[in-house]
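Coordinate inspection notes
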Amino acid sequence: MKRQKRDKLTRAHAKGYHAGISGRSKELCPFQASDARSEWLGGWREAMEDRQLGMTVR
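Read on for an overview of the structure. (Residues numbered from 1 in each chain as written. Predicted model: local features only at pLDDT ≥ 70, side-chain atom pairs only at ≥ 80, totals over all residues. Heavy atoms only, no water.)

Turning next to the overall build of the protein. Across its full length, the protein carries two helices and zero strands. Looking at the protein residue by residue over its 58 residues, the buried ones come to 22%. Within the protein, contacts between residues at least 6 apart in sequence are counted, and of these 68% link residues at least 24 apart. Accessible surface, the protein: about 4,800 Å² in total, of which carbon and sulfur atoms supply 49%. (Helix = DSSP H or I, 4+ residues; strand = E, 2+ residues; numbered from the N terminus. Buried < 20%, exposed > 50% of the residue type's maximum accessible area, 1.4 Å probe, protein only. Contact = heavy atoms within 4.5 Å. Areas by Shrake-Rupley, 256 points an atom, 1.4 Å probe, with all protein chains shown as cover.)

This is how it looks when you write it as structure tokens:
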């Protein structure tokens, strides 16, 4: 059975979260389209909140 690709916006959110949790700047957002950029930044902000709570990537 073939694996289905995740929705592009879901991937943008996940990539933003990963960037945020690893401490990257929000200025490094790779997306130009406003909807994907918005999802990436949402993931980034969520990760920053989690970092303040003590979550980190090792």
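This brings us to helix α1 (residues 8-21). If you check α1, its first and last C-alpha atoms are 20 Å apart, about what 14 residues at 1.5 Å a residue would give, namely 20 Å. Turning to α1, its buried residues number three or more, namely A12, G16, A19, G20 and I21. Check the buried side of α1 and you find it contacts α2 (34-52). Sitting at the head of α1, D7 places a side-chain oxygen 3.0 Å from the backbone nitrogen of L9. G23 lies just past α1 and shows a positive phi near 90°. (Expected span 1.5 Å × (residues − 1). Polar contact = N/O pair within 3.5 Å; in protein donor to acceptor, adjacent residues only side chain to side chain.)

On to the environment of S38. Relative to the elements of secondary structure, S38 occurs in helix α2. Residue classification places S38 among the partly exposed positions, given a relative accessible area of 43%. Put simply, S38 and H13 are 25 residues apart on the chain and 8.4 Å apart in space, counted from C-alpha to C-alpha.

Between α1 and α2, the least distance of the axes is 7 Å, while the angle of their chain directions is 35°. Crossing hand, α1 versus α2: right-handed. Contacts from L9, A12, H13, K15, G16, Y17, A19, G20 and I21 of α1 reach α2 at D35, A36, E39, W40, G42, G43, W44, E46, A47, M48, D50 and R51. Among the residues forming the contact of α1 with α2, the class breakdown is ten nonpolar, five polar and six charged. (Axes fitted to C-alpha atoms, helices over the stretch in contact; angles between N-to-C directions. Left-handed = near helix turned anticlockwise from the far one by under 90°. Nonpolar A, V, L, I, M, F, W, Y, C, P; charged D, E, K, R; others polar.)

Fair warning: the whole summary comes from geometry, so function is off the table for now.
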